[in-house]
Amino acid sequence: MALYNLTINDVKTQLEVEPDMPLLWALRDILGLVGTKYGCGIALCGACTVHVNDKPMRACTVRVSDLVGKSVRTIEGLATSTTLHPLQQAWIAADVPQCGYCQSGQIMAAAALLKSNPNPSDADIDSAMAGNYCRCGTYNRIRSAIHSAAKAARLSYDATQRDVGQERKV
Ligand code: FES
Ligand code: FES
């Protein structure tokens, strides 16, 4: 066992674990962050997708000991204290999930996509989401919800810019 310091959902966190413990085990079994799911355990299905320094990563294969000083975000840390992430709002509006098992991984993969590409095409979405499997076949609704969230984020950004302009005139 050894001590490892990292940041999880904006909280500085010290974990005392074996060096080879996968992040997914620490999230679920030690920290109680069970929104991130175990699917295949070999980085193939995407159910365990989280962000590490804003990039999507498979929590089932990355080790806690490789994350010292890094910032991890899970589905529990995607919303602010008062507002759901635009993707979460779009997911609800489009009624995306069926069984729901894959969905936190899907949303985290989509959030990473929108961070790097705020206006993705269908092809961009299919490419970015290709490693996230859904046995219930919700792919069409996932794609549609990503487009909706991207549009909502753009409208919100435009409104912010208008507000900034108004402030400057005062
Ligand atoms: S559980 Fe990690 S990719 Fe499947
Ligand atoms: S909603 Fe059931 S596996 Fe995706």
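Structure: above.
Each chain has its residues counted from 1, running along the sequence as written. Lettering of chains starts at A and numbering of ligands starts at 1, both following the order in which they are written. The predicted nature of this model means local features are confined to residues of pLDDT at least 70 and side-chain atom pairs, given and counted, to a pLDDT of 80 or more, with totals for whole chains, interfaces and linings taken over all residues.

K.L.:
Explain the nonpolar core here, please?
P.N.:
Where a protein is soluble and globular, its nonpolar side chains tend to be buried together. Any nonpolar core is a set of buried residues, restricted to Ala, Val, Leu, Ile, Met, Phe, Trp, Tyr and Cys, that join up through C-beta atoms within 7 Å. Backbone-placed C-beta atoms define the burial measure: a residue is buried with 20 or more other C-beta atoms within 10 Å of its own, exposed with 12 or fewer, and partly exposed in between. If you look at the biggest cluster of nonpolar residues, it comprises 39 residues, and the most contacted ones within it are Leu23, Ala59, Leu87, Ala110 and Ala145. Labels follow the DSSP assignment, with helices taken as runs of H or I lasting at least four residues and strands as runs of E lasting at least two, numbered in each case from the N terminus. Every element with two or more residues in this core is listed here: strand 1 (2-8), helix 1 (23-30), helix 2 (86-94), helix 3 (103-116), helix 4 (122-129) and helix 5 (139-169). The split into domains, and so the bounds of each, comes from an automatic or database assignment of domains. Taken domain by domain, this core gets at least three of its residues from each of domain 1 (2-77) and domain 2 (86-165). The contact criterion used here is simple: two residues whose C-beta atoms, placed from the backbone, lie within 7 Å are in contact. Residues contacting Ala110, with those up to four places away along its chain left out, are Leu87, Met129 and Ile146.

K.L.:
Please clarify how the packing of helix 3 against helix 4 should be interpreted in this entry.
P.N.:
Axis lines are fitted to C-alpha atoms, over the contacting stretch for helices. Their N-to-C directions set the angle, which ranges from 0 to 180 degrees. Contact pair helix 3 / helix 4: the axes reach a minimum separation of 10 Å and the direction vectors enclose 130°. Viewed along their axes, helix 3 and helix 4 adopt a mutual orientation that is oblique. At the point where helix 3 passes helix 4, the crossing takes the right-handed sense. Facing helix 3, whose interface residues are Gln106, Ala109, Ala110 and Leu113, helix 4 presents Ile125, Ala128 and Met129. Just so you know how the angles are binned, under 35 degrees is roughly parallel, over 145 roughly antiparallel, 65 to 115 roughly perpendicular, and the rest oblique. By definition, turning the near helix anticlockwise from the far helix through less than a right angle yields a left-handed crossing, and turning it clockwise yields a right-handed one.

K.L.:
Just checking my understanding: could you explain the sheet that holds strand 2 (residues 11-17) for this structure?
P.N.:
Strand pairs in the sheet, formed through backbone hydrogen bonds, run parallel or antiparallel to each other. Spatial ordering of the open sheet is given by 2-1-5-3-4, a layout of 5 strands whose pairing is mixed. Of all the strands in the sheet, just strand 2 and strand 4 (55-58) have a single pairing partner and so form its edges. Sheet twist, expressed as the mean angle between neighbouring strand axes with direction ignored, is 40°. Pairing of strand 3 (residues 49-52) with strand 5 (residues 71-73) involves 2 bridges; the strand directions are antiparallel. Within strand 5, the position partnered with His51 by the bridge is Arg73. At least two DSSP bridges between two strands are needed for those strands to be called paired.

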